[in-house]
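Residues per chain are reported as follows:
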Amino acid sequence: MEKVNIVIVGGGPAGLAAAAAAYDAGERSILILERDSMLGGILNQCIHNGFGLHTFKEELTGPEYAKRFEDQVEARGIACKLNTMVMDISPEKVVTAMNRTDGMFTIEAGAVVLAMGCRERSRGALNIPGYRPAGIYSAGTAQRLVNIEGFMPGREVVILGSGDIGLIMARRMTLEGAKVKVVAELMPYSGGLKRNIVQCLDDFGIPLKLSHTVVDIQGKDRVTGVTIAEVDSRNKPIPGTEEFYSCDTLLLSCGLLPENELSRQAGVALSPVTNGPVVNESLETSIPGVFAAGNVLHVHDLVDYVSEEAAAAGRNAAAYVRGDLVEDRSHEIPLEFAGGPRYTVPATLDPAKMGDAVTIRFRVGAVMKNRFVDLYLDDERVLHRRRQVMAPGEMEELVLKKSMFEKHGETSRITIRVEEA
Amino acid sequence: MEERNLICINCPMGCPLTVTLGDDGSVISVTGNTCPRGDAYGRKEVTNPTRIVTSSVPVSGAKSGMAMVSVKTASDIPKGKIFDVVSDIKKITVTAPVHIGDIVKANVAGTGIDMIATRDVE
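Residues numbered from 1 in each chain as written. Chains lettered and ligands numbered in written order. Predicted model: local features only at pLDDT ≥ 70, side-chain atom pairs only at ≥ 80, totals over all residues. Heavy atoms only, no water.

A. A look at the interface of chain A and chain B. Between chain A and chain B, the contact holds 30 residues from the first and 30 residues from the second. Both faces considered, chain A and chain B share a buried interface measuring about 2600 Å² in area, 57% of it formed by carbon and sulfur atoms. Three residues, A:Glu64, A:Leu175 and A:Arg195, lead the burial of chain A against chain B; their summed loss comes to 20% of the area buried on that side. Our count for the chain A to chain B interface comes out at four salt bridges. Linking A:Asp203 and B:Arg51 is a salt bridge whose minimum nitrogen-to-oxygen distance equals 2.6 Å. (Contact = heavy atoms within 4.5 Å. Buried area = accessible area lost by both parts, 1.4 Å probe. Salt bridge = Lys/Arg side-chain N within 4 Å of Asp/Glu carboxyl O.)

B. A look at a nonpolar patch on the surface. Residues and elements named next belong to chain A. Taken together, the side chains of Met-85, Met-87, Met-98 and Met-104 present a nonpolar region at the surface, about 370 Å² in accessible area. Turning to its location among the elements, Met-85 is positioned in strand β6 (residues 85–89). The class for Met-85 is partly exposed, based on a relative accessible area of 37%. (Patch = residues over 30% accessible without salt bridge, like charges linked within 9 Å, V, L, I, M, F, W, Y side chains within 5 Å. Areas by Shrake-Rupley, 256 points an atom, 1.4 Å probe, with all protein chains shown as cover. Helix = DSSP H or I, 4+ residues; strand = E, 2+ residues; numbered from the N terminus. Buried < 20%, exposed > 50% of the residue type's maximum accessible area, 1.4 Å probe, protein only.)

C. Structural detail: the sheet that holds strand β22 (residues 348–349) of chain A. All names here are of chain A. In spatial order, the strands read β22-β20-β27-β24-β25; together these five strands make up an open sheet with mixed pairing. In the strand order of this sheet, the two ends are held by β22 and β25 (380–390), each with one partner. Two strands pair when backbone bridges link them, and strand β24 (residues 368–377) and strand β27 (residues 414–420) are joined in this way by seven bridges, in the antiparallel orientation. The partner of Arg-371 across the bridge, within β27, is Glu-420. (Pairing = 2+ DSSP bridges.)

D. Just the packing of helix α4 (residues 139–149) of chain A against helix α5 (residues 164–175) of chain A, in detail. Residue and element names in this part refer to chain A. Direction vectors running N to C along α4 and α5 enclose 35°, while the axes themselves pass 9 Å from each other. Handedness of the α4/α5 crossing: left-handed. Contacts between α4 and α5 involve Ala-139, Gly-140, Ala-142, Gln-143, Val-146 and Asn-147 on the former and, on the latter, Ile-165, Gly-166, Ile-168, Met-169, Arg-172 and Met-173. Within the contact of α4 with α5, the residues separate by chemical class into seven nonpolar, four polar and one charged. (Axes fitted to C-alpha atoms, helices over the stretch in contact; angles between N-to-C directions. Left-handed = near helix turned anticlockwise from the far one by under 90°. Nonpolar A, V, L, I, M, F, W, Y, C, P; charged D, E, K, R; others polar.)

E. View of the environment of A:Thr249. Residues and elements named next belong to chain A. Of note, Thr-249 is situated in strand β17 (residues 249–252). For the pair Thr-249 and Gly-154, spaced 95 residues apart in sequence, the C-alpha separation works out to 5.5 Å. Within polar-contact distance, the side chain of Thr-249 engages the side chain of Asp-248 at 2.8 Å. (Polar contact = N/O pair within 3.5 Å; in protein donor to acceptor, adjacent residues only side chain to side chain.)

F. Local environment of unusual backbone geometry. A cis amide bond links A:Val345 to the next residue, A:Pro346, at an omega of 0°. Examined against the element boundaries, A:Pro346 turns out to sit in the loop between β21 (341–345) and β22. For the peptide bond that leads from B:Ala96 to B:Pro97, omega is 0°, which places it in the cis range. Tracing the chain through its elements places B:Pro97 in the loop between β8 (94–95) and β9 (103–105).

G. Inspection of the pairing of strand β11 (residues 156–160) of chain A at higher detail. All names here are of chain A. In terms of burial, β11 is a largely internal element, four of the five residues being buried. Sheet topology note: the β11/strand β12 (residues 179–185) ladder contains five bridges and is parallel. Bridge pairing in β12 links Ile-159 to Val-183. A crossover connection joins β11 to the parallel β12 through α5; in handedness this β-α-β unit is right-handed. Bridge count for β11 against β17 is four bridges, and the pairing is parallel. Bridge assignment links Ile-159 to a residue of β17, and that residue is Leu-251. (Right-handed = clockwise from strand over helix to strand, strands pointing away.)

H. View of the nonpolar core. Residues A:Ile8 and A:Ile89 are the most contacted members of the largest nonpolar core, which totals 61 residues. Apart from residues lying up to four places away in sequence, A:Ile89 is in contact with A:Val9, A:Val94, A:Val95, A:Val112, A:Leu114, A:Leu262, A:Gln265 and A:Ala266. Membership of the second largest hydrophobic core comes to 45 residues, among which are A:Leu167, A:Ile168, A:Ala170 and B:Met115. (Core = buried A, V, L, I, M, F, W, Y, C linked by side-chain atoms within 4.5 Å.)

I. View of the packing of aromatic side chains. Residue and element names in this part refer to chain A. Counted according to the given criterion, the structure contains five aromatic pairs over all chains. Each ring, one from Tyr-65 and one from Phe-69, has its centre 5.2 Å from the other, and the planes form 35°; the classification is tilted. Residue Tyr-65 and its partner Phe-69 are both found in helix α2 (residues 62–75); the two are separated by four residues, about one turn of the helix. Of the two residues examined, Tyr-65 and Phe-69, each falls in the buried class. Of the aromatic side chains, those joined through ring pairs into one cluster are Phe-56, Tyr-65 and Phe-69. Over the aromatic face of Tyr-376 sits the side chain of Arg-417, whose NZ or CZ is 5.4 Å from the ring centroid. (Phe/Tyr/Trp six-rings, centres within 6.5 Å; stacked < 30°, edge-to-face > 60°. Lys NZ or Arg CZ within 6 Å of the ring centre and 35° of its normal.)

Rendered as structure tokens:
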């Protein structure tokens, strides 16, 4: 069986950054497996600008951002197999994959970096009543059709869900001549970034109806219209608030789900909150030597943070292969939280194993104004950060430094608290 | 005096800005921003709002069979010109090879700004 020190599953932003960072950490035996015919993943269809402000201090489009990392991978001569589907990862890190050239093959991996990204929540998962005509697409499918294939999915559009891809597609379809009639969002707040509401909806006078959902889809062969209604505090439609919108297309932008079929098969422990692997400070999953980063771990808002996280996973995978990552995991401290966060990534931290700093990322469960985000080591507050607004649609982060632990001494509890200011 | 409430679009923080305008339309103050870019955005947004426009146009002769190449305005253009820019590139087809930064339409819609490619197509 072929042996490779680090196998990276997925050649999108996370996989590319992990590969380049693993190489820079001294590792030379690296293989990226990518199911598409090109590297770059979802960035290829994200032709809008706004990527890379943190990483490159410039505002790039998705394809430009991807190219920067593809160039890094190419310059380092890192091996990639395109059009290659990974079928299985065993707990012993044997990766089974297939493509048209090699057929089915297995690789014994020293370490694996999971970088499979995420998928959109489908109509089937949303339980929308009504017929099943043509004209219902996930926002990402419409994005691919318009930007890569060059087809317009429809002319009169209603969008359910205010995730960023839906907002971006509201603008994109408008620019291509479609009429976007309304964006309906079930929650009382938007799921997307505020800047996207401004530049994708407000700029074009597209209404956003919060606390609204689709209660019926009309049309047998093709969508002819949808009915939306207001919902109450338990997300139940309120009778009498129904409004009919005639349209030929319904786009769904109702959340993203990390794509972890392979992780699950391998026996990686998954979080019921993020739907991604539970990882420690090294971004290592419950299986030693299997790391995860990017949207497969938890859905991000910004690719810049995906790249940063994935680079850390790549470096840690290289350290694992070298034997520099201590295998003893009995000193991991679970990160506790109160007052708002729904989860943290990482979920546990071993101060002895962390580098100089660990970035802790989390999301809150509701819109909160005027808060402090505090981090405690036992009862000592070591971080105190003011936040004017926190929202589920915007990921938060805290940087926990090794020096804080050194100053505090023996630590048995780490707690993140969101407190009223 | 007029007050306008805006959301800064420079970064994902999305600061809520209040821009106070004098009777002659000049900006008296910008508040609510956390950084200087918010101040600049607030002033520009009420006087001369601009946006970068991105799109994709058909490409012929691509080795990979790729149908479209993504494009953007090389810098921001007046917000009121967005649709002029889009209609000005409606009929273009570019021929591969194309590289990031190649001009696909010079002086798009008379803005003085070029439309450039944002991906390589060999």
